[in-house]
Structures are given as C-alpha cells and as structure tokens.
Amino acid sequence: MEKDPHNWDDDLSWVLSNEDRFRGIGKDRTDAVIHAARIGNLSVDVSKYLQFDGSLRWSDVLDDIIHGCMSEFIETPSGVLFMDHG
C-alpha cells in the first residue's frame, strides 16, 4: 500500500524510497519548478520561454511540465513537492 505523501517528512521509509524522484519544493507549483531549476534538477531550454525583458515565463514552463504528464506535485504541510514520475 502506498504511503500518504502528506506525511512524507514523518515517514523515513517513504522519503528514502522516493528520494530519487524529488525535483524541487516550493510554496506553490511554480515555486517548486523554479527551485528545481535552481538546484540543477530541471533543465530548461530557455530560448523557448525567454521574454523580451530577459526573464523566463515560469508559468509556461509549469504548463509544459503538466502537459507532459511526466511529473507530479504533492501538497505537504512543508510546501509543494515537485516529483518525477519514475
């Protein structure tokens, strides 16, 4: 039976069995994706998302991640986990 992801930080076995799937954490989904990129857990083709002012459209990055169905976002008391479907 799968463990309740809302209690992931209280259950060491769940954390250890899912550690390789972790990409990032944040206060919301976009923040978790930005965190993943900052720590090197997400490679982004910036040319696709670059705006005229040089910033990235992180909401579009998030939309593409969701559209690809290759990841999941788990809401926990500590924030939103960005996890790879692995």
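Preceding this paragraph is the structure being described.
Report on the accompanying structure. These numbers were taken from a predicted model, which means no experiment stands behind them. (Residues numbered from 1 in each chain as written. Predicted model: local features only at pLDDT ≥ 70, side-chain atom pairs only at ≥ 80, totals over all residues. Heavy atoms only, no water.)

**Let's talk about the pattern of salt bridges**
Logical step 1: This structure, assessed with the given rule, holds four salt bridges.
Logical step 2: Residue Asp84 pairs with Arg23 through a salt bridge whose shortest N-O separation is 3.5 Å. Placement of Asp84 in strand S3 (residues 79–84) and of Arg23 in strand S1 (residues 22–26) is noted, with a sequence separation of 61 residues between them. (Salt bridge = Lys/Arg side-chain N within 4 Å of Asp/Glu carboxyl O. Helix = DSSP H or I, 4+ residues; strand = E, 2+ residues; numbered from the N terminus.)

**Quick notes on the nonpolar core**
Logical step 1: With 13 residues, the main nonpolar core has Val33, Leu42, Trp58, Val61, Ile65, Phe73 and Phe82 as its most contacted residues.
Logical step 2: Where this core is concerned, the elements lending two or more residues are helix H2 (29–38), helix H4 (58–68) and S3.
Logical step 3: If sequence neighbours within four positions are ignored, Val61 has contacts with Val33, Leu42, Val44 and Tyr49. (Core = buried A, V, L, I, M, F, W, Y, C linked by side-chain atoms within 4.5 Å. Buried < 20%, exposed > 50% of the residue type's maximum accessible area, 1.4 Å probe, protein only. Contact = heavy atoms within 4.5 Å.)

**Brief notes about the environment of Leu81**
Logical step 1: Within the element layout of this structure, Leu81 appears in strand S3.
Logical step 2: Accessibility expressed as a relative area gives 1% for Leu81, which makes it buried.
Logical step 3: Taking C-alpha positions, Leu81 is 7.9 Å from Arg29, a pair spaced 52 residues apart along the chain.

**Focus: the sheet that holds S3**
Logical step 1: Taken together, three strands build an open sheet; the order of strands is S1-S3-S2 and the sheet is antiparallel. Of all strands in the sheet, those with a lone pairing partner are S1 and strand S2 (71–76), marking the two edges. Neighbouring strand axes in the sheet, compared pairwise and without regard to direction, differ in orientation by 20° on average.
Logical step 2: Sheet analysis places S1 next to S3, joined by four bridges and oriented antiparallel. Residue pairing for S3: Gly24 is matched across the bridge by Phe82.
Logical step 3: In this fold H2 packs onto S1, S2 and S3, with an angle of close to 130° to the strand it touches most, S1. (Pairing = 2+ DSSP bridges. Axes fitted to C-alpha atoms, helices over the stretch in contact; angles between N-to-C directions.)

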